[in-house]
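# Report on the structure
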Amino acid sequence: MDWIEKELELLADASLERSLRTCSPVCEAPGYTLRGERRLLNLSSNDYLGLAKHPAIIEVMREKLLTEGAGSGASRLVTGNRPPYDRLEEELAYWQKCEAALVFANGYMANSGVIAALVGRGDVVFSDQWNHASIADGIILSRAEHARYRHNDMAHLRVLLNKYRDKRRKLIVTDAVFSMDGDQAPLRELVALKREFGAMLMVDEAHSGGIYGKRGEGLCHELAVQDDVDIHLGTFSKSFGVYGAYICGSRTLIRWLVNKAGPLIYSTALPPSIVAGVSEALVVVQGEPWRREKLFALCILFRSLLGSSGFTIGVGNSPIVPLIIGDNDMTLRFSSALEDEGIAAVAIRPPTVPDGTSRIRFSLSAAHTENELRDAAVRIRNIGLRLGVI
Ligand SMILES: *Cc1c(COP(=O)(O)O)cnc(C)c1O
């Protein structure tokens, strides 16, 4: 086992070692987190709509915990398929205007399980190079060929689609909003290519569900391409503030996944209290549009404050605002300077992002206020000046 220590040393020398740090919630202030005794403005959470501490969601979960118990006790195909699942899946299909829905334990398992259920040896998956790691792992698990196209580069995707024309099944998969950059996929162009080449199209709305669309359905609805997307994936762990994931699509698709998606078949069902909490979160996501409006206003403000300070930030209008630094060590120093200034925002380094593009990934929430972000932007600017980043 000596090799592990040696490898870890190499990681540490390259400023690439990661470690776990404990962060406690601050009950009365959802936009903050506690590290030890220190209260930090949390600019690294995916709780975009500020729902993780929503009282109605917590109350439903508490009630269900008392009636349904702590765990579901079995896989959904055995005896773990409790009533809250049926209810949630019906509500999801209605919300997404799809025939059917299927709940998974989390986004990672949904991506890996669904891709492996749809393609196999002799097939090909066209995947954006910036797609989430769970998509890449799903492709490996499926044993299909992995055709990675350059980020959002439709000309490159077309070249690859031509190259693999003769493969049995073709699946194009993309994040709707990219998790480390906050930019959007060109969904309309992807739909056109999918049609032209007879491919299936899968869209991962992990960072766009709850945020885009009139009722928070996601970017596919916002751009009115939902009917041309064959496989919709979304999560309940980000905007929904709870945990879990869903697939929406045709009845045939869902029937197939119930038979073929390993993470659904061979893993214990989510606790019913969580599934019921997600149902309540879905009510809030649809019924409290002011959260989306507030979030977008904060995004515009924060992006313009950082941009006008001279930082290199990602494009787009999403709550993910990457501040690109480049050097790994400098990114770590920036992150710890932020913590000294009362701001939690982690350094994102390779292999999560390409070499030379290490960054601070800020993520905003409707739980924040304009004043908090103005104040944070001043501190961020001062750190940038002090460290020579701007
Ligand atoms: C977070 C994320 C996932 C994983 O979802 P979990 O529910 O956290 O496992 C999948 N895809 C994308 C694009 C994500 O950002």
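Residues numbered from 1 in each chain as written. Predicted model: local features only at pLDDT ≥ 70, side-chain atom pairs only at ≥ 80, totals over all residues. Heavy atoms only, no water.

Quick look at the sheet that holds strand E14 (residues 358–363) now. Reading across the sheet, the three strands line up as E11-E14-E13 and stay open at both edges, with antiparallel pairing between neighbours. Two strands bound the open sheet, and with one partner strand each, they are strand E11 (320–326) and strand E13 (347–348). Sheet topology note: the E11/E14 ladder contains six bridges and is antiparallel. Opposite Ile324, over in E14, you have Arg359 as the bridge partner. Sheet strands touched by helix H12 (residues 290–308): E11 and E14. Its angle to E11, the strand with the most contacts, is close to 20°. (Pairing = 2+ DSSP bridges. Helix = DSSP H or I, 4+ residues; strand = E, 2+ residues; numbered from the N terminus. Contact = heavy atoms within 4.5 Å. Axes fitted to C-alpha atoms, helices over the stretch in contact; angles between N-to-C directions.)

Attention now moves to the site of the ligand. Taken together, 14 residues sit near the ligand, with Gly107, Asp204, His207, Ser237 and Lys238 positioned nearest. Contact between the ligand and Tyr108: an oxygen atom at 3.0 Å from a main-chain N or O atom of the residue. Within the side chain of Asp204, a nitrogen or oxygen atom sits 2.6 Å from a nitrogen atom of the ligand. Protein burial of the ligand: of its 380 Å² of free accessible surface, 88% is covered by the chains. In terms of residue count, the dominant contributor to the shell around the ligand is helix H4 (residues 107–118) (three residues). In terms of residue class, the shell around the ligand is built from two nonpolar, nine polar and three charged. (Near = heavy atom within 4 Å. Polar contact = N/O pair within 3.5 Å; in protein donor to acceptor, adjacent residues only side chain to side chain. Areas by Shrake-Rupley, 256 points an atom, 1.4 Å probe, with all protein chains shown as cover. Nonpolar A, V, L, I, M, F, W, Y, C, P; charged D, E, K, R; others polar.)

Okay, the side chain of Asn328 next. Relative to the helices and strands, Asn328 resides in helix H13 (residues 328–340). If near-sequence neighbours (up to four positions away) are discounted, Asn328 is found in contact with Ala14, Ser15, Leu16, Arg349, Pro350 and Ser358.

Proteins that are soluble and globular tend to have nonpolar side chains buried together. Ranked by size, the top nonpolar core spans 83 residues in total, and within it Leu43, Leu92, Phe126, Phe334, Phe362 and Ile380 carry the most contacts. Considering each element in turn, this core owes the most residues, seven residues, to helix H11 (residues 272–287). Counting contributing residues per domain, this core is built from domain 1 (11–49 + 289–387) and domain 2 (55–287), each supplying no fewer than three. Sequence-distant contacts of Leu92, that is, excluding residues within four places in its chain, are made with Ala101, Val103, Phe236, Tyr246, Cys248 and Leu282. Formed by 25 residues, the second largest nonpolar core is a distinct cluster that contains Ala100, Ile115, Ile231 and Ile247. (Core = buried A, V, L, I, M, F, W, Y, C linked by side-chain atoms within 4.5 Å. Buried < 20%, exposed > 50% of the residue type's maximum accessible area, 1.4 Å probe, protein only. Domains from an automatic or database assignment.)

Moving on: the side chain of Lys238. By the secondary structure assignment, Lys238 is in the loop between strand E9 (231–235) and strand E10 (245–249). There is no salt bridge for the buried Lys238, and the closest opposite charge comes from Asp204, which lies 6.7 Å off by N-O distance. (Lys, Arg positive; Asp, Glu negative; His and termini not counted. Salt bridge = Lys/Arg side-chain N within 4 Å of Asp/Glu carboxyl O.)

A common way to state how big an interface is: give the accessible area lost once the parts meet. The assigned domain composition of the chain is domain 1 (11–49 + 289–387) and domain 2 (55–287). Distance from the C-alpha centre of domain 1 to the C-alpha centre of domain 2: 27 Å. If you look at the interface, domain 1 gives 23 residues, while domain 2 gives 24 residues. Both faces considered, domain 1 and domain 2 share a buried interface measuring about 1700 Å² in area, 57% of it formed by carbon and sulfur atoms. One can count one salt bridge joining domain 1 with domain 2. For the side of domain 1 that touches domain 2, the leading source of residues is H12, giving five residues. Across the side of domain 1 that touches domain 2, the residue classes tally to 12 nonpolar, five polar and six charged. (Buried area = accessible area lost by both parts, 1.4 Å probe.)

Topologically, Gly218 is positioned in the loop between strand E8 (200–204) and helix H8 (219–222). Accessibility expressed as a relative area gives 0% for Gly218, which makes it buried. Each C-alpha atom of the pair Gly218 and Glu288 lies 15 Å from the other, and the pair is 70 residues apart in sequence. Among residues more than four places away in sequence, those in contact with Gly218 are Glu205, Ser208, Gly209, Tyr212 and Gly213.

Ordered by their spatial adjacency, seven strands build an open sheet running E4-E10-E9-E8-E7-E5-E6, and the pairing between neighbours is mixed. Of all the strands in the sheet, the pair left with one neighbour each is strand E4 (100–104) and strand E6 (145–149). Averaged over all pairs of adjacent strands, the angle between strand axes in this sheet comes to 20°, irrespective of strand direction.

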